[in-house]
There are 2 protein chains.
Amino acid sequence: MSKKIFLNENDMPRQWYNIVADMPNKPLPPLHPGTKQPVGPEDLAPLFPMELIKQEVSTEQYIDIPDEVLDIYKIWRPSPLFRATGFEKLLDAPVKIYYKYEGGSPSGSHKPNTAVAQAYYSKQEGVKKITTETGAGQWGTALSFACKQFGIDCDVYMVRISHDQKPYRKIMMNMFGANVYASPSNRTQAGRNILAKDPHATGSLGIAISEAIEMAAQDANTKYALGSVLNHVLLHQTIIGQEAEKQMAMAGDYPDIVIAPLGGGSNFAGLAFPFLKHKINGTRNVRAIAVEPASCPKLTKGKFMYDFGDTAGYTPLLPMYTLGHNFSPAAIHAGGLRYHGASVLCSQLLKDNLIEAQALQQLECFEAGVLFAKAEGIIPAPEATHAIAQVIREAKKAKEEGVQKTILFNLCGHGFVDMQAYADYFEGKLTNHEFTDDELSSALPEVEALQPNK
Amino acid sequence: MSKKIFLNENDMPRQWYNIVADMPNKPLPPLHPGTKQPVGPEDLAPLFPMELIKQEVSTEQYIDIPDEVLDIYKIWRPSPLFRATGFEKLLDAPVKIYYKYEGGSPSGSHKPNTAVAQAYYSKQEGVKKITTETGAGQWGTALSFACKQFGIDCDVYMVRISHDQKPYRKIMMNMFGANVYASPSNRTQAGRNILAKDPHATGSLGIAISEAIEMAAQDANTKYALGSVLNHVLLHQTIIGQEAEKQMAMAGDYPDIVIAPLGGGSNFAGLAFPFLKHKINGTRNVRAIAVEPASCPKLTKGKFMYDFGDTAGYTPLLPMYTLGHNFSPAAIHAGGLRYHGASVLCSQLLKDNLIEAQALQQLECFEAGVLFAKAEGIIPAPEATHAIAQVIREAKKAKEEGVQKTILFNLCGHGFVDMQAYADYFEGKLTNHEFTDDELSSALPEVEALQPNK
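Keep in mind that this is a model prediction, so the values were computed, not measured.

Residues and elements named next belong to chain A. Applying the stated criterion across every chain, the model contains 28 salt bridges over all chains. Residue Lys129 is joined to Asp155 by a salt bridge in which the shortest nitrogen-to-oxygen separation is 3.1 Å. Of this pair, Lys129 sits in strand S6 (residues 129-134) while Asp155 is found in strand S7 (residues 153-159), placing the two residues 26 residues apart along the sequence. The class for Asp155 is buried, based on a relative accessible area of 1%.

Okay, structure coming up:
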């Protein structure tokens, strides 16, 4: 059983929190891959609405959320914060556990928090179509929903292996009115180049990003949207942590530890950044732990370097922890965490020791997810189970050390559309993946060559 | 886009509404199939906790909801009421449309409203295990969740064709700690009898009910739970309509028409009964429309007779609109609506012209569901699409007649676990089903023989 801490609609935060304002070391600028000089707004203008470019480089501490965005947020926001009393009882450790539940959104995850904002600013600037990529489909579903709300067309490039093997998310996107293309496709040069080498290529997030960017760059009325990684995307997610702060205060509590999964970084940033503000300012000593899959350990095994966000090299060079833009992570069911790099902001914070990172194996995560479902009545998305597994680790540690801890984590989405993953888990079809030195060295050398001092 | 009308947790109703108190013609009593005499509490005691038996025969207008049940309700209740502004715009008719959304519950439908209550009363009376049946799995999931919350074992007999073809719901039940058995099974005499005739029998809800009852009857510490049909089940669902009444008042509105799907009747009763109170009392003239699938049209083509609730004939005889307890409905994707009879209370109300019934084909319903998802951003369960299709019919009628109408319907569950149904719909694999006279006469003659005057 769990206890809900409910926030009134009128108490919903009306600004996003921009951690850049408070960071002791500001993020390094993105660089043009040709000149190795910082990119300016004009470089990004073909891809993004100007208002989002402004947010991308803003140093303001808070940015107003437009009323039209708040109106759509209110369909599912404020999201509930739960005290996980059932899970606490099960773990029998000296911990209080809270979780913010983002699964009540139209697409079932935290992704609409930024999708709605991006669609809104696009609409304001006359955009007719938005292109994007999606892996397992969470982000594509969210953007499809958001675009439909504003009457914008949406083209989604979906990693082919997911497109073929996980048709349900594709159908959901279609139901929200989007066009979904298996990537690599023949619609783009990036896709054709891949298919020329391997007609049966199963695709990757990096390739799908390249395709979506290429299509957006060709048409003045088409823009591109990314579901994570970029500063403005992380910004939009901070509504999660700000709500959670208010709800924790209502519960008379404050977290010692904040935990969230990290794929590109927006899930983690959304919950953690508002709490990190107080850590940076020295008023609270919260630990913020980003949990990544052991099969794609950019934070714990990657290098802090300039790298592309996509495979074809269409994006600016971003300073981030990366395994290399050509890195192919092993197939795990937490599709949302299979990205080669971490957002610039999360990477800088890790470099500055303001956050921690932990890589976990998928069997430990699924086991945690099953325990949690029994105790709390919510089936978590595979991505979310990474946070839960880390909560269990911290609870065990607290018990061993005999200290009282208050833990808050982001239950970023439900697993209703991921039941095949649990089926595979129960049938023993899932395995762990030991990340090897060969994997580490597979894609990093070509990134070395991209560095500005080369 | 839609607009949420939010009810504060403190304003949640604290009583269930019992329509029996207000019905002009009280429901006929259930009869013992042997004696044809009304059954008493002692006949039901092997199957149900005494408190639920009391509720089953209660004529009190309101019954207090226990605090422990309210505490669990609060995990997802009060559920939101939405003004369907996006759908209204799409339909372009003189209608205001509201919907109560029950998909935010742990199992994704309205079913936990009664599952939690039934598990609570069972726990109070020392029950160790609850048996039940489930078709597509919605009810079994809800009861699994509820039993886990109270530490009660749960055995679910799942119609074999769903068990084999729709494994995801089975896995969800397992995740909530329940044991799931494909029905017919070799565990019961009822199951063995069926398998002896046909070893490949795919099962039915009626057979699964027989199996669950048989197992409960054999063990004093085991009780049986039903997910619809019975008076106390309908009672527990009235929290839906009572919340909706408050929310409609907050919106300054009142429905002219209330619409919900009808399988056994609890979905429809949950929304409609609190509004029907005012119709019966003459203070409001609301139309309440129960929507059933054209392939299982007990309300519009069935007969009002005494019939069994299950296939083996273990239940008392219930006075209801029925197609016969041996009727096999055609395979449609709205599994929750494939039941041969309608609850005693709904049947009596229909007989007394206090409610209306409408049978709809599944293609019309799926089309409505897809339109709704685009407009409102929520993918409805196949059951729920029946209500949506009727809303569209009423909107068209209002437009033709040039009258203003306010419509409220029950969006009883989300469709995240039903994407295969939408996949089949998009691929043109679904068909309508014309109910024939042969079907009508297939199972009714043996019901004739059960009538008390025979």
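Below, the discussion takes up the relation of the copies chain A and chain B. Superposing chain A onto chain B takes a rotation of 180 degrees combined with a translation of 0.0 Å along the rotation axis, leaving an RMSD of 0.0 Å. Taken together, the turn and the small shift mark the pair as related by a two-fold rotation axis. Residue by residue, 100% of the interface of chain A is reproduced at the interface of chain B, so both copies engage with the same surface.

Paired through their backbone hydrogen bonds, the strands of a sheet run either parallel or antiparallel. Residues and elements named next belong to chain A. Taken in spatial order, the four strands of this open sheet run S8-S7-S6-S9, and their pairing is parallel. The sheet is open, and its two edges are formed by strand S8 (179-183) and strand S9 (222-224), each paired on a single side. Within the sheet, the average angular offset between the axes of one strand and its neighbour, ignoring direction, is 25 degrees. In this sheet, S7 lies alongside S6 in parallel orientation, the contact comprising six bridges. Paired with Lys129 across the bridge in S7 is Asp153. Sheet contacts for helix H10 (residues 205-217): S6, S7, S8 and S9; angle to S6, the most-contacted strand, approximately 170 degrees.

A few words now on the side chain of Arg77 of chain B. In this structure, Arg77 of chain B sits in the loop between helix H3 (67-73) and strand S4 (81-83). Separated by 2.9 Å, the side chains of Arg77 of chain B and Glu243 of chain B make a polar contact. Contact partners of Arg77 of chain B, with chain neighbours within four places excluded, come to Lys4 of chain A together with Met12, Lys100, Glu102, Asn113, Ile239, Ile240 and Glu243 of chain B.

Here we take up the pairing of strand S15 (residues 405-411) of chain A. Residue and element names in this part refer to chain A. Counting buried positions along S15 yields six of seven residues, so the element is predominantly enclosed. With seven bridges connecting them, strand S5 (residues 95-101) and S15 associate as parallel partners. Each residue of the ladder has a partner; that of Ile97, found in S15, is Ile407. In the sheet, strand S10 (residues 257-261) pairs with S15 via three bridges, with the strands oriented parallel. In the strand pairing of S15, Ile257 is matched with Ile407.

On to the sheet that holds strand S14 (residues 356-360) of chain B, then. Residue and element names in this part refer to chain B. Read from one edge to the other, the open sheet built from seven strands follows the order S1-S4-S5-S15-S10-S11-S14, with strand pairing classed as mixed. Each edge of the open sheet carries a strand with a single partner, namely strand S1 (3-5) and S14. Sheet twist, expressed as the mean angle between neighbouring strand axes with direction ignored, is 25 degrees. In this structure, S4 lies alongside strand S5 (residues 95-101), joined through three bridges in antiparallel fashion. For Arg83, the partnering residue across the bridge sits in S5 and is Tyr98.

Bringing the environment of Ile53 of chain B into the picture now. Residue and element names in this part refer to chain B. Counting through the fold element by element, Ile53 comes out in helix H2 (residues 50-57). Sequence spacing of Ile53 and Pro274 is 221 residues, and the spatial spacing of their C-alpha atoms is 22 Å. In this view, Ile53 contacts Pro41, Leu44, Ala45 and Phe48; residues no more than four positions away in its chain are not counted.

Each partner contributes to the interface: chain A provides 43 residues, whereas chain B provides 43 residues. Here chain A packs against chain B, burying approximately 3600 Å² in sum over the two surfaces, 69% of which is carbon and sulfur. On the chain A side of the interface with chain B, the three residues burying the most area are Tyr168, Met175 and Phe416 of chain A, jointly 21% of the side's total. Inspection of the chain A/chain B interface yields zero salt bridges. Run the count over chain A and chain B and you get nine residue pairs in polar contact (both at pLDDT 80 or more). When residues of the side of chain A that touches chain B are assigned to their parent elements, the largest contribution, six residues, is made by helix H15 (residues 362-376) of chain A.

End to end, helix H16 (residues 362-376) of chain B covers 20 Å across 15 residues, agreeing with the expected 21 Å (1.5 Å per residue, within 8%). Looking one or two residues beyond H16 of chain B, the residue adopting positive phi is Gly377 of chain B, at roughly 80 degrees.

Residues and elements named next belong to chain B. Interhelical geometry of H16 versus helix H17 (residues 382-401) gives an angle of 85 degrees and a closest axis separation of 7 Å. As summarised for this structure, H16 and H17 are arranged roughly perpendicular, according to the angle between their axes. Judged by residue contacts, Glu364, Cys365, Phe366, Ala368, Gly369, Leu371 and Phe372 of H16 engage Pro382, Thr385, His386, Ile388, Ala389, Ile392 and Arg393 from H17. The class makeup of the residues in the contact of H16 with H17 is nine nonpolar, three polar and two charged.

Calculation rules
- Residues numbered from 1 in each chain as written.
- Chains lettered and ligands numbered in written order.
- Predicted model: local features only at pLDDT ≥ 70, side-chain atom pairs only at ≥ 80, totals over all residues.
- Heavy atoms only, no water.
- Salt bridge = Lys/Arg side-chain N within 4 Å of Asp/Glu carboxyl O.
- Helix = DSSP H or I, 4+ residues; strand = E, 2+ residues; numbered from the N terminus.
- Buried < 20%, exposed > 50% of the residue type's maximum accessible area, 1.4 Å probe, protein only.
- Least-squares fit on C-alpha atoms with pLDDT ≥ 70 in both.
- Contact = heavy atoms within 4.5 Å.
- Pairing = 2+ DSSP bridges.
- Axes fitted to C-alpha atoms, helices over the stretch in contact; angles between N-to-C directions.
- Polar contact = N/O pair within 3.5 Å; in protein donor to acceptor, adjacent residues only side chain to side chain.
- Buried area = accessible area lost by both parts, 1.4 Å probe.
- Expected span 1.5 Å × (residues − 1).
- Parallel < 35°, antiparallel > 145°, perpendicular 65-115°, else oblique.
- Nonpolar A, V, L, I, M, F, W, Y, C, P; charged D, E, K, R; others polar.

These figures come from the coordinates and say nothing about function on their own.
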